Amino acid sequence: MATGSKAEKSPEVKKDKKRPLHAVYRVGDLDRTIKCYTECFGMKLLRKRDVPEEEYTNAFLGFGPEDTNFALELTYSRSKVCYLSSA
C-alpha cells in the first residue's frame, strides 16, 4: 500500500471486521471433491448436511473453525442436473 494513502490513515478501515464467510461450488461427485480438498490442500471437513426432501447435500470444508476462517461450501444435487467438466 502506498504511503499516505487514505486507507492507511483511516481508523474505520482498521476497525472493519467484515470478511468473506464462504464460497459455494456445485459439484457432481461430492465424495471425490471432498477427498481432493482434504488430501491435496489439507482442508478439513467441518460439517456435512443432507437435505433429502430437497435432494441435495452440503459439505463445508476449511482450514479451521468457520467463525474465524473462510470455508468452502460444496453442494451436490441429486436431481437431474448435468455439470460440464473442464477436463
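Look a little higher up for the structure.
Residues numbered from 1 in each chain as written. Predicted model: local features only at pLDDT ≥ 70, side-chain atom pairs only at ≥ 80, totals over all residues. Heavy atoms only, no water.

What follows deals with the environment of Gly42. As for its position among the elements, Gly42 is in the loop between helix H3 (30-41) and strand E2 (44-51). Given the relative accessible area of 38%, Gly42 is considered partly exposed. Taking C-alpha positions, Gly42 is 9.8 Å from Leu61, a pair spaced 19 residues apart along the chain. Non-local contacts of Gly42, meaning those with residues more than four positions away in its chain, are made with Tyr37 and Phe63. (Helix = DSSP H or I, 4+ residues; strand = E, 2+ residues; numbered from the N terminus. Buried < 20%, exposed > 50% of the residue type's maximum accessible area, 1.4 Å probe, protein only. Contact = heavy atoms within 4.5 Å.)

What follows is about the nonpolar core. Within the largest apolar cluster, 9 residues are counted, these being Val27, Leu30, Ile34, Tyr37, Met43, Ala59, Leu61, Leu72 and Leu74. For this core, the secondary structure elements donating two or more residues are H3, strand E3 (56-62) and strand E4 (71-77). A total of 3 residues in this core trace back to one element, the largest contributor, which is H3. Sequence-distant contacts of Met43, that is, excluding residues within four places in its chain, are made with Tyr37, Thr38, Leu61, Gly62, Phe63 and Leu72. (Core = buried A, V, L, I, M, F, W, Y, C linked by side-chain atoms within 4.5 Å.)

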